[in-house]
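# Per-entry structural report
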2 protein chains.
Amino acid sequence: METKFLLGESQIPTHWYNVIPDMPGPLAPVIHPGTLKPIAPQDLAPIFPMSLIEQEVSTDRWIAIPEPVRDIYRLWRPTPLFRAHRLEKALGTPAHVYYKYEGVSPAGSHKPNSAVPQAYYNKLAGTKRLATETGAGQWGSSLALACQFFGLQCTVYMVRVSFTQKPYRKSLMELWGAEVFPSPSPQTNAGRAALAQDPESHGSLGLAISEAVEDAATHDDTKYALGSVLNHVILHQTVAGQEAKQQMALAGEYPDVVIGCHGGGSNFSGLAFPFLADRAAGKQVRLLACEPASCPSLTKGLYAFDYGDMAKMGPIAKMYTLGHDFMPPGIHAGGLRYHGASPLVSQLVAAGQIEAIAYPQNPCFEAAVLFAHSEAIVPAPEASHAIRGAIDEALRAKEEGKERVILFGLSGHGQLDMAAYDAYLSGHLEDFEYPEEKIRESLARLPKVTV
Amino acid sequence: METKFLLGESQIPTHWYNVIPDMPGPLAPVIHPGTLKPIAPQDLAPIFPMSLIEQEVSTDRWIAIPEPVRDIYRLWRPTPLFRAHRLEKALGTPAHVYYKYEGVSPAGSHKPNSAVPQAYYNKLAGTKRLATETGAGQWGSSLALACQFFGLQCTVYMVRVSFTQKPYRKSLMELWGAEVFPSPSPQTNAGRAALAQDPESHGSLGLAISEAVEDAATHDDTKYALGSVLNHVILHQTVAGQEAKQQMALAGEYPDVVIGCHGGGSNFSGLAFPFLADRAAGKQVRLLACEPASCPSLTKGLYAFDYGDMAKMGPIAKMYTLGHDFMPPGIHAGGLRYHGASPLVSQLVAAGQIEAIAYPQNPCFEAAVLFAHSEAIVPAPEASHAIRGAIDEALRAKEEGKERVILFGLSGHGQLDMAAYDAYLSGHLEDFEYPEEKIRESLARLPKVTV
């Protein structure tokens, strides 16, 4: 029995799948943070090139992937789809468990799927430099790599606590040619203000976003790049789900449930949306987003208009949110520590088309260790949430005696996150209580948008 | 034009290729460290299971790979062969450059190719625990993983300086279930003696080998496992070269030169020996081993009988050696810091069938950074020696205006070696002088073997 289902380079998708025409109803407008009124696409031109803004609002179901982007995808795509024979055996489940593994990219995660086209379109538009933020460093390193391919400069504002604790991902960005500043930094007004208030500030993702957006908005040759949440980022990630559909067909199966971890939504959507599209053709497939219990936007947040960043500089979107100044605890799945969610995922959750579940980090690491013992790959802490979800589905199938087909996304490897495994294995990993009161407080500060 | 040449799982080799029947003349005997007389295979039984001892001396050209081993190989094999289009372009060379990438294994290097069968044969023989040494951690983590697959316990003696400097590879071993001791350790006589002499000792690979061998020799349920040098280890690694031949055929080319980095010899031989076998059929192919200038056994050592370990506990073999107590400088390619070499590679170098070249570490890191910028993958410091060799061959082809076909082995990724890149990028990487006097001194202490 095959373990891996592989495709040739000619099977890399030629188009990205845009879910917008298949959404249940019109999209909510995007709101200006100053006027609290809807904004037009061109209002985003100071920070994004028009080609990406057009993708952000496009209603075309299929958008062609430029050949120079597909050429770079060839370095690691199509990524493999695995049948988790050994995990199934360890669980004693009749379920068939598959995983799509994006950790084979040179940066070790799915993030280059969008970093490469973002760098490409910026290069075409004459951008000289891209500014971005990064938490744990998965996105920052991917954008550094993408900029290296197209000869763009890259500036990364890295949350200071990660800059100090995860030196290897910073080194990776520098090896690929990026300049990396710990955020808050003295490079921007936002950073200087934060440092004036607290010179020892650990920083936050919301603040780092503000620094990167300010950098882009105040330099003519510089644009901003975001690694998740936005429609065009999710669009780019659909290469994963499209490949997975071809690979499930090779395996002669179709998933009953598709599972992904969820932070801003790009990894989850990239795998799930191409399957969601099959529902129109009558396919029955559940879609399950797994998020951290300490930052539970989809399961405990409000579906409301909120700022995308803490400093209220970026646009306001309708999404599941815990409040733009909600500060999640320092869990090891740094990529899932976002107060909001993709507006597309949010609308689908609100419409009952996507399910969501929240897990504390210890059960996720327990799942990741079982996975590393049976399937050998060391999962990124983010991906461990999807593994927990898949294992729970497989155990339920065992209880019910059903041969369920489960597909989950293994969004990246965790070889640069070994400190998190050390903490788990030595029993020092904290499970944070669901911070109900903190969320209630921050939700009281949502902007008053009336549209 | 294709970037990757992939094979299906059915194309994983069914047999390992044993070079012994194709060697130029009989093998030199293995010598007992106490009597200085030849030893018989069964003398090795206290530390190795008979099945591996039989492989060590087998004269069969093909040895079947057990199905349970092939089943595990399926988790990452066949590994991809890449055409380095972007590197060729960066160099402006007419050469066609290919690389076989072993870094896709869960441990990130070629080492599991031998760790898995070694664990398997030990399991069959009733071994309960394997003891081994590791320097940087590539071999130790691979054996930990292999023992996890077969339910064996695993004890790793990790050179103390690496134990302290490379905590992530230690964590990887622990995640896969191994117990890891910094060497010298209080667990063994050899370790206690070293600690008595110097409680702050950094340790050495030679000392860690002595600890692991002592552990195995003094516990009935425990055997020893070595990650390179020995014939059976090299045998197991030939899956890489056999796959590469199939993949070069897919590409419609045959290499003019096959290049690998060389420490103990397992990575180099695994790729090169299946091509060497083609010479009998009239194929012209050069084989080039690239070693560090600071530990230049093949280029500056003596082809003579010497101990395999510093404490003179293991067997004596005829090989290129710098002397068993030669202590190489602390270069970042920890996997290449061995005073000796595989007896098989040594005999072939002595017979003029394999070429060798030595490089200082700065030119190797320069090559690795160019590779990371063009091909995206971050190479292990060990593999950077092969990249340097391949780039030099490609530049010579450019000078000569020749369309040469170059194949090199990219034995592992370097994401756990980012401190080395930091040192290189900040200009703090030392190039050690060729330690001529130290080598002359240690060569004066070779054992006096007369056979």
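See above for the structure.
It should be emphasised that the depicted structure is a prediction, and the values quoted were computed from it without experimental measurement.

## Observations regarding helix 17 (residues 436-443) of chain B
Residue and element names in this part refer to chain B. Taken residue by residue, helix 17 has Ile439, Ser442 and Leu443 as its buried positions. Down the axis of helix 17, the smallest arc covering the buried residues is 100°, so these residues share one side. Among the exposed residues of helix 17, those pointing more than 90 degrees away from its buried face are Glu437 and Arg440. Against the buried residues of helix 17 lie helix 12 (297-300), strand 12 (302-307) and strand 13 (316-321).

## Focus: unusual backbone geometry
Excluding glycine, residues mostly have negative phi values, and the peptide bonds linking residues are mostly trans. Across the junction of Arg77 of chain A and Pro78 of chain A, the peptide omega takes the value -10°, indicating a cis bond. Summarising the element assignment, Pro78 of chain A is placed in the loop between helix 2 (67-73) and strand 4 (81-83). Although it is not a glycine, Lys312 of chain A sits at a positive phi angle of roughly 60°. Its location among the elements puts Lys312 of chain A in the loop between strand 12 (302-307) and strand 13 (316-321). The backbone of Val229 of chain B shows a phi angle near 70°, a positive value even though the residue is not glycine. By the element assignment, Val229 of chain B lies in the loop between strand 9 (222-224) and helix 10 (231-250). The class of Val229 of chain B is buried, set by a relative accessible area of 11%.

## Quick look at the relation of the copies chain A and chain B
Rotating chain A by 180° about the axis while translating it 0.0 Å along that axis superimposes it on chain B, leaving an RMSD of 0.0 Å. A rotation of that kind, with that shift, is consistent with a two-fold axis. When the interface residues of chain A are mapped onto chain B, 100% of them again fall at the interface, so both copies present the same face.

## Some thoughts on the packing of helix 10 of chain B against helix 11 (residues 266-276) of chain B
Residues and elements named next belong to chain B. In the contact formed by helix 10 and helix 11, the axes pass within 6 Å of each other and the chain directions differ by 50°. When the axes of helix 10 and helix 11 are compared, the pair comes out oblique. The hand of the helix 10/helix 11 crossing is right-handed. Seen from helix 10, the contacting residues are Val233, Ile234, Gln237, Thr238, Ala240, Gly241, Gln242, Ala244, Lys245 and Met248; seen from helix 11, they are Ser266, Ser269, Gly270, Leu271, Phe273, Pro274 and Phe275. Grouping the constituent residues of the contact of helix 10 with helix 11 by class yields nine nonpolar, seven polar and one charged.

Each value, and the rule that gives it
Residues numbered from 1 in each chain as written. Chains lettered and ligands numbered in written order. Predicted model: local features only at pLDDT ≥ 70, side-chain atom pairs only at ≥ 80, totals over all residues. Heavy atoms only, no water. Buried < 20%, exposed > 50% of the residue type's maximum accessible area, 1.4 Å probe, protein only. Helix = DSSP H or I, 4+ residues; strand = E, 2+ residues; numbered from the N terminus. Arc of directions from axis to C-beta. Contact = heavy atoms within 4.5 Å. Least-squares fit on C-alpha atoms with pLDDT ≥ 70 in both. Axes fitted to C-alpha atoms, helices over the stretch in contact; angles between N-to-C directions. Parallel < 35°, antiparallel > 145°, perpendicular 65-115°, else oblique. Left-handed = near helix turned anticlockwise from the far one by under 90°. Nonpolar A, V, L, I, M, F, W, Y, C, P; charged D, E, K, R; others polar.

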